[in-house]
Each structure stands twice: as structure tokens, then as C-alpha cells.
Amino acid sequence: MGENRTADTGHAAQSGRLSAAVTVTDGIRVVALAGEIDHHTADTLCRALDAQGESGPRVVADMGKVTFMDSSGINILIAAHRALSEAGGWLRLAAPAENVRRTMSIVGVDAVIDCRESLSDAFSG
């Protein structure tokens, strides 16, 4: 994998907090998330997924350390997916924990947004 830039758009994951570390690898924005995604932390997720102005933006959200996600997170993921698709890019979700995967499955997010088992899977095909 090629170039690698990092930006921290959140703070350390503490109780009720969400951190988002953004890197770019081979032209793909990787957003490593940790903590809880809810209405209190929604702005952090929005800022991290915002690829506005990028040509053909491709984003992988590494969700392996997300411990909770409510409808706020689901709505943000769907909006980001839609915006990225309209810009000629895509959003992939990588390695969601079982409880987060279950929430996404119940509401059908996994049928709309490409979900992969691991971060390395998210970089292929």
C-alpha cells in the first residue's frame, strides 16, 4: 500500500466517546473508529466520513473497535454512502463487532452498504 496520511478527528475513546483516526492508503480514505456512535458523537463520525471535494472518493470505515451504534450512526452511514456513490466513489464498512453487525443487519444497512469481515478484505475488489 502506498501513501499514508493521518488526521485525528476525535479524542481517545472513553466511556461515551468516539475517536476517529483518518489515514489515506493507496488513495483510499481509511477511518478507524473506536467507541460509541450515538447522537452525542455523531458529529465526529460525520467529519471523519466527509470526503467532500475529493474526486471519486473511496472510504473504508474500520468499525472493529465500535462498541455501540444507534440510529444516529446508521443515518450518517447511509448519508455518507449516498454522497460518496453520487460522487463516483464508495463506502465500505470493515470488521464491525458482532453487536454492531447485528444492529446493521436488523435495519438492513448491510444490504445497502458493502460490509467486509476485515480491513484487508475492504481493500480488495
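Scroll up to find the structure.
Definitions and cut-offs
Residues numbered from 1 in each chain as written. Predicted model: local features only at pLDDT ≥ 70, side-chain atom pairs only at ≥ 80, totals over all residues. Heavy atoms only, no water. Pairing = 2+ DSSP bridges. Helix = DSSP H or I, 4+ residues; strand = E, 2+ residues; numbered from the N terminus. Right-handed = clockwise from strand over helix to strand, strands pointing away. Phe/Tyr/Trp six-rings, centres within 6.5 Å; stacked < 30°, edge-to-face > 60°. Lys NZ or Arg CZ within 6 Å of the ring centre and 35° of its normal. Buried < 20%, exposed > 50% of the residue type's maximum accessible area, 1.4 Å probe, protein only. Salt bridge = Lys/Arg side-chain N within 4 Å of Asp/Glu carboxyl O.

### Here's the deal with the pairing of strand 4 (residues 58-69)
The pairing of strand 3 (residues 28-37) with strand 4 spans nine bridges and is classified as parallel. Paired with Ala32 across the strands is Asp62, a residue of strand 4. Bridging between strand 4 and strand 5 (residues 90-94) involves five bridges; their strand directions are parallel. Residue pairing for strand 5: Val59 is matched across the bridge by Leu91. For the crossover from strand 4 across helix 2 (residues 71-86) to strand 5, the handedness is right-handed.

### Examining the packing of aromatic side chains
One pass over the full model with this rule turns up zero aromatic pairs. One residue, Arg92, lies across the ring of Trp90, its end atom 3.8 Å from the ring centre.

### Here's the deal with unusual backbone geometry
A positive phi is found at Asp26, a non-glycine position, where the angle reads about 50 degrees. Structurally, Asp26 can be placed in the loop between strand 2 (18-25) and strand 3. Of note in the backbone geometry, Ala95 takes a positive phi value of approximately 55 degrees without being a glycine. Its location among the elements puts Ala95 in the loop between strand 5 and helix 3 (98-107). The class of Ala95 is partly exposed, set by a relative accessible area of 23%.

### Describing the pattern of salt bridges
This structure, assessed with the given rule, holds three salt bridges. The partner of Glu117 in a salt bridge is Arg101, and the shortest N-O contact between them spans 3.4 Å. Of this pair, Glu117 sits in the loop between strand 6 (114-116) and helix 5 (119-122) while Arg101 sits in helix 3, and the two are 16 residues apart along the sequence. Classification of Glu117 by relative accessible area gives exposed; the value is 58%. Note that Asp114 and Arg116 form a salt bridge whose closest N and O atoms lie 2.8 Å from each other. The exposure class of Arg116 is buried, given its relative accessible area of 16%.

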